[in-house]
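One letter stands for each residue in the lines below.
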Amino acid sequence: MAWGRLRKKKEMPGGLWSKCSACGTMVYNKELEANLLVCPECSFHHTVPARRRIEMTADPGSFVEHFTDLQPRDRLHFVDQEPYSEKLKRAQQKTGNTEACLAGTCTLEGIPLALAVLDFSFMGGSMGEVVGEKVARTVELALEENLPVLLVSASGGARMHEGAISLMQMAKTCATLHAYREAGGFSISLMTNPTTGGVTASFASVCDILVGEPGALIGFAGPRVIQNTIRQDLPEGFQRAEFLLEKGQIDRIVERKALREELARILRYAPMVRALQDA
Amino acid sequence: MARDRKEAQGPQPAVLPFEQPIEDVRQRLEELETLAQKTNQDLTEELDFYRARLDRVTRETYASLSAWDRVQVARHPDRPLATDYIALLLEDWVELHGDGCFGDDRAIVTGLGTLGRHRLMLVGHRKGRDTKARMACNFGSAHPEGYRKALRKMKLAERMGLPILSLVNTPGAYPGVGAEERGQARAIAENILEMFGIRVPIVVVVIGEGGSGGALGIAVGDRVGMLENAWYSVISPEGCASILWRSAERKAEAAEALKLTAGDLHRLGIVDEVLPEPVGGAHRHREETVRSVGRRVEAWLDELSELDPGELLRRRQHRFRTISQTASDLEAALAAAEEAARREPGPGGVPEAPEPPAAPEEPPAAGAGGPGGEVREP
Ligand SMILES: [Zn+2]
């Protein structure tokens with residue numbers, strides 16, 4: 001559900017170099033940044049923080065953030081090794097964001113759209129009440145303003161600290177996507193490394209077009225859970241985007257450097273975008 | 001989302017650890033009964049004493065169950081299973097197999113049945129009682145074809161105009177290689193989404209374990225009831241403990257923290273009603289439990305059959321859109337909607353405004369009755 005220490009970059013002293021978790025190469029940070037956080041050696045597509053993802057995706061200066069007033073709450077008074085409320089505070093300080101999702105509107109090659117982006121650096125991008133609410137409101141905003149929707153996932157799944165409330169976010173997000181679909185909406189899900197658990201088992205898998213980033217781990221159960229269950233080695237490339245494509249579970253794999261162009265090309269087929277262009 | 005399989009699969013003791021005091025009295029009573037028979041002594045007084053004591057100890061024990069105690073009751077091998085509900089409640093049962101595509105997942109049972117006045121489609125997780133039967137249906141852990149089988153039958157019910165009864169009892173969807181290859185996450189997600197469009201009443205009862213997405217995949221309904229000693233959450237206590245406490249042994253603490261009992265979930269507005277079990281738990285009173293659930297389901301179906309399909313779907317959507325929001329959330333949403341309506345006449349403008357309440361059953365101040373789910377109680 002919420003494992004998420006996979007392929008984390010190790011910052012080196014001075015912060016100038018990072019070690020690629022996929023190939024072990026030391027990469028100059030500036031080069032990694034310039035390469036959209038794709039390893040120049042092995043092309044592994046590293047996880048992108050939500051704000052950086054929006055910068056990479058939206059037309060410069062076009063992003064308008066919405067729903068910033070939503071604050072996470074510790075409704076269950078959940079305490080494991082430390083109180084959930086403390087964990088939230090730390091995640092907020094670390095990321096500068098209030099929650100694991102940034103949402104709003106932007107344009108992409110001039111096409112207006114609504115988007116929600118999960119932030120893996122905030123408690124593993126896990127979905128609690130606020131993340132679910134932001135995704136739902138993004139879809140509702142798109143419905144009301146007749147926009148296409150882009151949902152970008154990077155998440156270990158539902159957030160355990162919110163118990164069944166987090167489970168219900170799966171139903172809530174699917175409820176709004178159902179209404180949006182019935183109203184003629186058009187949605188794209190971009191699944192990045194990693195997308196697992198309750199996020200994959202809800203909104204990320206029921207958009208109209210499912211796109212994976214190369215090498216992204218995408219699945220329901222985490223590999224360790226599966227390994228503990230079946231007590232066998234997992235097949236090579238298991239649960240990677242390429243594996244899902246081959247098994248018929250996603251529509252496309254798109255490299256990060258081509259992402260904007262590809263998304264725009266798809267979006268121009270969306271009914272509301274065609275209507276705009278015809279007008 | 002998945003849980004420790006060893007826990008799920010290991011044999012459950014017929015006597016749960018916290019039930020030992022009850023068992024001690026029961027054994028003493030049994031010995032006395034045998035003695036009375038063998039020796040023809042008149043032990044009426046002693047027997048009455050122990051019978052009263054058994055009642056009292058059972059009542060006291062069950063009056064103070066911890067969350068973890070309830071999880072164990074929910075998993076008790078003698079607890080009524082979907083197959084018991086079918087056998088005891090449904091007339092003219094016709095089991096229907098298969099997802100029409102890949103296979104027939106035996107962890108999900110589907111079929112046509114008649115509950116009193118209502119002909120219906122049943123979908124449910126299937127668990128077995130003995131080891132062989134438990135293995136045959138994979139301990140109630142479904143694969144993608146199970147979720148697709150359920151969806152296919154629900155769509156059939158929709159075409160036939162039959163309401164749906166869904167019985168939830170799963171430790172979680174199966175975490176395995178084949179399940180992932182065939183799109184476990186996607187199958188669950190599609191079920192959840194599609195259930196918002198099924199134009200017949202859906203009644204859900206969590207009868208045992210409500211393990212995460214594997215449960216929710218058949219649990220989007222117009223009424224969601226939960227037996228008193230069932231559990232329902234985002235992860236099993238063992239799974240949660242092994243991740244957050246780094247030890248599955250801390251499962252009792254995790255169970256407490258997750259607020260996974262029927263009472264907690266009712267307070268949070270996630271289930272509409274707690275269905276009481278006879279004192280001593282459903283595993284001691286299988287038929288009585290099943291019959292009382294049946295009566296409640298019949299009443300719900302009576303109410304829901306009054307609604308036209310459009311209204312049914314609007315309310316289902318609203319139920320899950322606003323689920324577990326607090327009274328103040330709903331008031332704020334309504335205030336924002338009013339504010340927006342003043343600023344800008346006509347619909348739109350305020351994404352957070354829930355579907356306007358359309359029926360007297362959903363008062364405008366839905367929040368006043370507490371969490372979302374409670375306002376739906378008759
Ligand atoms: Zn590399």
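Residues numbered from 1 in each chain as written. Chains lettered and ligands numbered in written order. Predicted model: local features only at pLDDT ≥ 70, side-chain atom pairs only at ≥ 80, totals over all residues.

Visitor: Just checking my understanding: could you explain the overall build of chain A for this structure?
Guide: Within chain A one finds 10 helices and 10 strands. Relative to the compact-globule value of 19 Å for 279 residues, chain A shows a C-alpha radius of gyration of 18 Å, a close match. Across the 279 residues in chain A, those meeting the buried criterion constitute 54%. Residue pairs in contact within chain A that sit at least 24 positions apart in sequence constitute 66% of those at least 6 positions apart. (Helix = DSSP H or I, 4+ residues; strand = E, 2+ residues; numbered from the N terminus. Rg over C-alpha atoms; globule rule 2.2 N^0.38 Å. Buried ≥ 20, exposed ≤ 12 C-beta atoms within 10 Å, placed from the backbone. Contact = placed C-beta atoms within 7 Å.)

Visitor: Teacher, can you tell me more about the sheet that holds strand 10 (residues 252–253) of chain A here?
Guide: In any sheet, the strands associate via hydrogen bonds between backbone groups, in a parallel or an antiparallel arrangement. Residues and elements named next belong to chain A. Read from one edge of the open sheet, seven strands run 4-5-6-7-8-9-10, paired in mixed fashion. Every other strand in the sheet has two partners, leaving strand 4 (64–65) and strand 10 as the edge strands with one partner each. Where strand 4 and strand 5 (residues 101–108) come together, two bridges link them in antiparallel fashion. Across the sheet, V64 pairs through a bridge with T105, a residue of strand 5. Contacting strand 5, strand 6 (111–118), strand 7 (149–155), strand 8 (187–195) and strand 9 (209–212), helix 9 (residues 259–267) runs over the sheet at an angle of about 75° to strand 5. (Pairing = 2+ DSSP bridges. Axes fitted to C-alpha atoms, helices over the stretch in contact; angles between N-to-C directions.)

Visitor: It is not clear to me how unusual backbone geometry should be interpreted in this structure. Could you clarify?
Guide: Glycine aside, a negative phi is what most residues show, and trans is what most peptide bonds show. Residue and element names in this part refer to chain A. A cis amide bond links N193 with the next residue in sequence, P194, at an omega value of -15°. Within the fold, P194 resides in strand 8. A positive phi is found at L37, a non-glycine position, where the angle reads about 60°. What makes L37 buried here is the crowd of 21 C-beta atoms within 10 Å. The phi dihedral of M123 falls on the positive side, at around 45°, and the residue is not glycine. Along the chain, the position of M123 falls in the loop between strand 6 and helix 4 (129–145).

Visitor: Can you walk me through the pairing of strand 2 (residues 108–115) of chain B in this structure?
Guide: Successive side chains on a regular strand alternate, one facing one side of the sheet and the next facing the other. All names here are of chain B. Examined bridge by bridge, strand 1 (residues 91–95) and strand 2 share three bridges and lie antiparallel to one another. Each residue of the ladder has a partner; that of E95, found in strand 2, is G111. Sheet topology note: the strand 2/strand 3 (residues 118–125) ladder contains eight bridges and is antiparallel. Within strand 3, the position partnered with T110 by the bridge is V123. If you look at the hairpin formed by strand 2 and strand 3, you'll find two residues sitting between the two strands, and G116 has a positive phi there, around 55°.

Visitor: Before we go on, may I ask you to explain the interface of chain A and chain B in this structure?
Guide: By a frequent convention, interface size equals the accessible area lost on bringing the separate parts together. Every contact between the two is made by 51 residues of chain A and, on the other side, 48 residues of chain B. Where the side of chain A that touches chain B is concerned, the elements lending two or more residues are helix 4, helix 5 (163–182), helix 6 (197–200) and helix 7 (223–230) of chain A. Ranked by residue count, the leading element in the side of chain A that touches chain B is helix 5 of chain A, at 15 residues. For the side of chain A that touches chain B, the class distribution of residues is 30 nonpolar, 15 polar and six charged. (Nonpolar A, V, L, I, M, F, W, Y, C, P; charged D, E, K, R; others polar.)

Visitor: Quick question: what am I supposed to make of helix 12 (residues 251–258) of chain B here?
Guide: Structural remark: α-helix, 3.6 residues per turn; residues separated by three or four positions point the same way. Residue and element names in this part refer to chain B. Every buried residue of helix 12 is listed here: K251, A254, A255, A257 and L258. Looking straight down helix 12, one finds that the buried residues subtend no more than 165° of arc, so they occupy a single side. Two residues or fewer after helix 12 comes K259, characterised by a positive phi angle close to 50°. (Arc of directions from axis to C-beta.)

Visitor: Whenever I open this one, the domain arrangement of chain B confuses me. Can you help?
Guide: Under the domain assignment, chain B is made up of domain 1 (5–64), domain 2 (74–312) and domain 3 (322–376). Of note, the centres of domain 1 of chain B and domain 2 of chain B, computed from C-alpha atoms alone, are 31 Å apart. (Domains from an automatic or database assignment.)

Visitor: What is the right way to look at the nonpolar core in this model?
Guide: For soluble globular proteins, nonpolar side chains are generally found buried alongside one another. L115(A), A164(A), A171(A), C174(A), I192(B), V205(B) and M226(B) are the most contacted members of the largest nonpolar core, which totals 166 residues. With 11 residues, helix 5 of chain A is the largest single contributor of residues to this core. Excluding its chain neighbours within four sequence positions, the residues that come into contact with L115(A) are A103(A), G104(A), C106(A), T138(A), V149(A), L150(A) and V152(A). Counting six residues, the second largest nonpolar core, distinct from the first, contains L37(A), V38(A), C39(A) and V48(A). (Core = buried A, V, L, I, M, F, W, Y, C linked by C-beta atoms within 7 Å.)

Visitor: What should I look at first to understand the confidence of the model for chain B in this one?
Guide: Low-pLDDT portions of the prediction should not be read for the details of their coordinates. Residue and element names in this part refer to chain B. Chain-level statistics for chain B give a pLDDT mean of 88 and a share of 85% at 70 or above. Between residues 1–10, whose pLDDT stays under 50, and residues either more than four places distant or in other chains, the model counts 33 contacts. Confidence over residues 345–378 falls short of pLDDT 50; this stretch has 66 contacts with residues more than four positions distant or in other chains. Two summary scores accompany this predicted model of the complex, namely pTM at 0.90 and ipTM at 0.95. (pLDDT = per-residue confidence, 0-100.)

Visitor: What should I look at first to understand helix 7 of chain A in this one?
Guide: Residues and elements named next belong to chain A. Within helix 7, burial applies to V225, I226 and T229. Buried residues of helix 7 fall within an arc of 95° about the axis and therefore sit on the same side. Immediately beyond the C-terminal end of helix 7, within one or two residues, lies R231, with a positive phi of roughly 55°.

Visitor: Looking at this model, I keep getting lost on the pairing of strand 4 (residues 164–170) of chain B. Mind explaining?
Guide: Residues and elements named next belong to chain B. In terms of residue burial, strand 4 counts as a mostly covered element, since seven of its seven residues are buried. Side-chain alternation along strand 4 places I164, S166, V168 and T170 on one buried face and L165, L167 and N169 on a second face that is also buried. Across four bridges, the pairing between strand 3 and strand 4 is parallel. By the bridge assignment, L122 is partnered in strand 4 with L165. The pairing of strand 4 with strand 5 (residues 202–211) spans six bridges and is parallel. Pairing of I164 across the sheet is with I202, part of strand 5.

Visitor: Can you help me understand the environment of A257(B) in this one?
Guide: Mapped onto the elements of the fold, A257(B) is located in helix 12. A sequence separation of 238 residues divides A257(B) from E19(B), and the C-alpha atoms of the two residues are 23 Å apart. If we ignore the near neighbours within four places in the chain, the residues touching A257(B) are L76(A), F78(A), V79(A) and D80(A).

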